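Inside the fold
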Amino acid sequence: MSHELCSLSLTAVRDLLRSGEITAVSATRTCLARIAATEPKLHAVLHLAADAALAEAARLDAAGPDPDKRLWGVPVLVKDAICTKGLPTTCGSKILENFVPFYDATAVAGLKAAGAVILGKTNMDEFAMGSSTENSAYQTTANPWDVAKVPGGSSGGSAAAVSSGQCFGALGTDTGGSIRQPASFCGIVGIKPTYGRVSRYGLVAYGSSLDQIGPMTRTVEDAAAMLTAIAGHDPKDSTSAPEATPDYEADLAAWAGKGDLAGVRLGLPDEYWGEGVDAEVLDCCRAAVDAARGLGAEVVRVSLPHTPYAVATYYIVAMAEASSNLARFDGVRYGYRDASATDLAGLYELSRAKGFGPEVQRRIVIGTYVLSAGYYDAYYRKAAQVRRLIRQDFLDAFASCDVIVGPTSPFAAFGIAEKTEDPLQMYLSDIFTISLNLAGLPGMSIPVGLGAKSAMPVGLQLFGPAFGETRLLCTAKAVMDAVRPPMVPRGI
Amino acid sequence: MSRYEAVIGLEVHAQLRTKSKIFCSCSTAFGMEPNENVCAVCSGMPGVLPVLNEKVVEYAAKMGLAVGCRVNAASVFARKNYFYPDLPKGYQISQFETPICEHGHLAVTVDGSEKVVGITRIHMEEDAGKNIHSATENASFVDLNRTGVPLIEIVSEPDMRSAEEAVAYLKALRSILVYLGICDGNMEEGSFRCDANVSLRPFGQAELGTRAELKNMNSFRHVQKAIEYEIERQADLLDDGQAVIQETRLYNVDKGVTASMRGKEEAHDYRYFPDPDLVPLVVTDAQLAAWAAELPELPVARRDRFVSQYGLTPKDADVLTAERDVADYFEETARLCNEPKKAANWIMSELLRELNQAALTAAACPLPPAHLARLVTLVESGKISGKIGKQIFPEIFAQGLDPETYVDQKGLSQISDSLALESAVDRVLADNPDEVAAYKAGKTKLMGFFVGQIMKATKGQANPALVNELLGKKLA
């Protein structure tokens, strides 16, 4: 059945497409069928562009396979925070309900240039604010491993879609863990690249100094292929890194021949391996580290001493930036406008009060507060200073190790509606992912097994130095190959 | 007149003459259809990002160098947050804590004495759009053509003490901007705008009084009137024992008064913070040195040179160098006729008057410098009299005519032939025997009478020097 094709990796399908064994149209039809079969339970897709995808696939087939196009004919999905020309981009918010961009994000242009077929847009927490995808204004996405549980967030739609075989890869965005945490909850691979590695042009901004687009896939090779298609300097993004972009897929393939981790020093931060982490999570992660040691890796203890300040620092910086970034949604030029307004202040107040959901409003209010006169120094300026200390922690740690590893999340996927009443509890679930965004460094989450108690996927997180994506990919592949975590979700 | 000393500081916004906007590649052209010069970036669409136009940095740095500022090696763009329909992003990208230029100064001359005005800072920012309120329907529209047009804001120290000093500072600042070629200086069209902070304090008091910020002044005259009015208004309040309120006041051109627009409690909290979409701006020493080398001769240096090179009085040199176009016109005319002082007089007395009446700038002058130079030569060589020169000036100016051809065609050449003049002199003397007798009896003041009679008889074409000479001989 077509489900078998859906469970293949992105690179495996790409190779079948390249050799002509399957056509782009058949690959696209397979994914559309899988989406149709799983969506009643998953609710991962917000906008399906079936006709456009089939037309693009037919166009590719007519031209014939192009070996220079890394993702030729491969069906993918894109998180709804990333602008897609002619395809709705709502950010999971009512305020952008009818918004259709007339431009592609640079990362989307990269996918298209590589020959990928875009199937549609995935669900997310509104404006990427959340850790469970429950803050979407449209629908709640379920975890393919247990539909009573959340897929994580904010890129929960992309994670559920990739895990369930709706597509072979998806783009996510990560401001404080929004790629890595849902990847961990859904048992897939997710990369948050070095800040500046992937252009932010066309990514609807949440926390501009933290946001990065990254790939979400089922294998490390797939992630390398997708990252190569979207990474690189972009003159349209002033924060884009000028550093040359490697061919991650080729570099990973070249390394894979070596196969072991001899000489690689894995740093285990004390702050990530102790209190507050569920035992089943620690067990899975320790087993993965043991596997790495078996492959020749050396394990060293490191410390990231400013970790306890990371959550507070992160939420000040992210909310401050968000309060300003979301000011453009004012009902004047596009998006939701409240028809009952009778004056300018009313237009702003009503459009924004009805267009934004409660979590977004909470973050705008807090962000406005921390930037206001009399509070700026105590909050925003202080947070910016602590942020530098957090980054320095990582630089110091990388003096004695090559890759830092720890759990992606203190716990496996939780139940739908379990944490929605307590935003603070929800914020604390990001504790292991947010430091990386504050430091601007690359990280990834890989599946390392199912929790003994929850039977839900557990993710191991790997951190690298700036532009150390290749090192992360090679280490991750070795660990995943050794651990061989179950990849087929049994919830759908 | 008053017991109070006025303290005035000015904030000037100058629109920079770049081809494209500050953070996108849209054109800055003026007078287009509404929303014609607009793209995803300057209209604040979701997900778009600003990319700095490097020409803006060059222009801002050059202005800083021209007024003795320190140009910071690293400066930071910041977001100024407020809601308004003409501000599509909900924030203006500006500079706050670390502007590109700081600590400059500008010397101006008022009533013959020099005054140095400190310049606190110069920073770059984007202009906002325009709201247009419909006259026929209950609706407002937004034109984003101006959104993202580059501005520099030049903030002075509160160093000025009178409206005259404020206007002198503004004129000097505008002159430099135009000399640098970075701003067209047009106040009516809003490419050179000014807000004034005005406060009073008793003479001798160090502490500053409460200030009012004045807006909506679209000419130097408005600035002068608005500040004068505000000084009187505040003096009256203080005389009555009332307090001045910190507020923003709009100048009402028709009534010549200032009126409250918003008070301190209604003031915005702009929540400035560094713009995370733009990296800190770095200006290298090499870049700065290259820009410094490109600076043109500035008004003060040019004025001094005009005094030493052409022998002009400082006052005349001031008039001629205030506008770069006028100074250029003068130098070209002086070069061609080799009579700099005469050329200066013609420009100041005739040309500037005609330009002013025709509301033209020197750059758009219909009479080219070569023609004015020829006119100077015609007069100096005695071919025509100065009087004739002045008479024909309006016509040759308006039509850009060559004065030499014009004079020949109209037969206006001066009578320099002593034989031809002699008969005219003889006739005048014969017709006025009483005056001749009186002159000879010692009433020598009648010389002017005879000259006038002769000029009248020759319709102004007689060479005055020759007339004097002939009269002197014949009346001896």
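The rules behind each value
- Sequence order as written defines the numbering, with residues in each chain counted from 1.
- Lettering of chains starts at A and numbering of ligands starts at 1, both following the order in which they are written.
- For this predicted model, a pLDDT threshold of at least 70 governs which residues receive local features, and a threshold of 80 or more governs which side-chain atom pairs are given and counted, while totals over whole chains, interfaces and linings are taken from all residues.
- The side-chain values count all of the structure's non-hydrogen atoms but skip hydrogen atoms and water molecules.
- Counting from the N terminus, the helices are DSSP H or I runs at least four residues long and the strands are E runs at least two residues long.
- Restricting the calculation to C-alpha atoms gives the radius of gyration, and the globule rule supplies 2.2 Å times the number of residues raised to the power 0.38.
- Throughout, exposure labels follow a simple rule: accessible area from a 1.4 Å probe, protein chains only, divided by the maximum for the residue type, with under 20% read as buried, over 50% as exposed, and the rest as partly exposed.
- Any two residues having at least one pair of non-hydrogen atoms within 4.5 Å are treated as being in contact.
- Every accessible area reported is derived by Shrake-Rupley at a probe size of 1.4 Å, with residue values counting cover from the shown protein chains alone.
- When charges are counted, Lys and Arg contribute as positive and Asp and Glu as negative, whereas His and the chain ends are disregarded.
- Just so you know, the charge point we use is NZ for Lys, CZ for Arg, CG for Asp and CD for Glu.
- Helix span, expected: 1.5 Å multiplied by one less than the number of residues in the helix.
- Buried area adds together the accessible area that both of two parts lose upon being put together, with accessible area traced by a 1.4 Å probe.
- N or O atoms within 3.5 Å of each other form a polar contact, as long as, within protein, one can give a hydrogen and the other can take it, and as long as residues adjacent in sequence are counted only when both atoms are side-chain atoms.
- Residues are grouped as follows: Ala, Val, Leu, Ile, Met, Phe, Trp, Tyr, Cys and Pro are nonpolar; Asp, Glu, Lys and Arg are charged; all remaining types, including Gly, are polar.
- Following DSSP output, two strands are said to pair if at least two bridges run between them.
- Definition of nonpolar core: a set of buried residues of the types Ala, Val, Leu, Ile, Met, Phe, Trp, Tyr and Cys, connected through side-chain atoms within 4.5 Å.
- In this analysis, axes come from line fits to C-alpha atoms, helices being fitted only over the stretch in contact, and the angle between any two N-to-C directions falls in the range 0 to 180 degrees.
- By definition in this entry, angles of less than 35 degrees are roughly parallel, angles greater than 145 are roughly antiparallel, angles of 65 to 115 are roughly perpendicular, and the rest are oblique.
- Take the far helix as your reference; a near helix turned counterclockwise from it by less than a right angle gives a left-handed crossing, and one turned clockwise gives a right-handed crossing.

To continue, consider the overall build of chain A. Counting secondary structure elements, chain A contains 17 helices and 11 strands. Taking 492 residues into account, the globule formula puts the C-alpha radius of gyration at 23 Å, and chain A, at 21 Å, falls close to it. Across the 492 residues in chain A, those meeting the buried criterion constitute 64%. Within chain A, contacts between residues at least 6 apart in sequence are counted, and of these 76% link residues at least 24 apart. Counting only carbon and sulfur atoms, one obtains 56% of the accessible surface of chain A, whose full area is about 16,200 Å². Where the 43 positive side-chain charges of chain A centre and where its 51 negative ones centre are 2 Å apart.

For helix H11 (residues 310–325) of chain A, which comprises 16 residues, the first-to-last C-alpha distance of 22 Å matches the rise-based estimate of 22 Å (1.5 Å per residue) to within 8%. Judged by how many residues are buried, H11 of chain A sits mostly within the fold: 15 of 16 residues are covered.

Attention now moves to the interface of chain B and chain A. Contacts between the two partners involve 31 residues from chain B and, on the opposite side, 39 residues from chain A. For the chain B and chain A pair, buried surface summed over both sides reaches about 2,800 Å², with 59% attributable to carbon and sulfur atoms. Inspection of the region where chain B meets chain A yields 17 residue pairs in polar contact (both at pLDDT 80 or more). Taken together, the residues of the side of chain B that touches chain A break down into 20 nonpolar, five polar and six charged.

Residues and elements named next belong to chain B. Taken together, the four bridges between strand S12 (residues 212–217) and strand S13 (residues 247–252) define a ladder with parallel strand orientation. Directly across from leucine 214, in S13, lies its bridge partner arginine 249. For S13 and strand S14 (residues 257–263), the ladder comprises six bridges, and the chain directions are antiparallel. Following the sheet pairing, threonine 248 is matched in S14 by arginine 262. Connecting S13 to the next strand, S14, in antiparallel fashion are four residues, including glycine 256 with a positive phi near 70°.

A few words on the nonpolar core. Among the nonpolar cores identified, the biggest contains 160 residues, and Leu71, Phe127, Phe394, Met444 and Ile446 of chain A are the most heavily contacted of them. Counting residues per element, this core draws most heavily on H11 of chain A, which supplies 10 residues. Residues contacting methionine 444 of chain A, with those up to four places away along its chain left out, are Arg180, Val189, Gly190, Ile191, Val220, Leu460, Gln461, Leu462, Leu472, Leu473 and Ala476 of chain A. Counting 104 residues, the second largest nonpolar core, distinct from the first, contains Ala60, Ile154, Leu320 and Ala334 of chain B.

The angle between the axes and the distance between the axes are what describe a pair of packed helices. Residue and element names in this part refer to chain B. Two elements in contact, helix H14 (residues 447–457) and helix H15 (residues 464–474), have axes whose closest approach is 10 Å; the angle formed by their N-to-C orientations is 125°. When the interaxial angle is binned, H14 and H15 end up oblique. Classified by chirality, the crossing of H15 by H14 is right-handed. Contacts from Met447, Phe450, Val451, Ile454 and Met455 of H14 reach H15 at Pro464, Val467, Asn468, Leu471 and Gly472. Among the residues forming the contact of H14 with H15, the class breakdown is eight nonpolar, two polar and no charged.

What follows is about the side chain of aspartate 143 of chain B. Residues and elements named next belong to chain B. Relative to the assigned elements, aspartate 143 resides in strand S9 (residues 140–143). In terms of polar contacts, aspartate 143 uses its side chain to reach the backbone amide nitrogen of asparagine 145, at 2.9 Å. Setting aside chain neighbours within four positions, we find aspartate 143 in contact with Pro34, Asn35, Gly129, Lys130 and Ile132.

No statement about biological role is implied by the geometric values presented.
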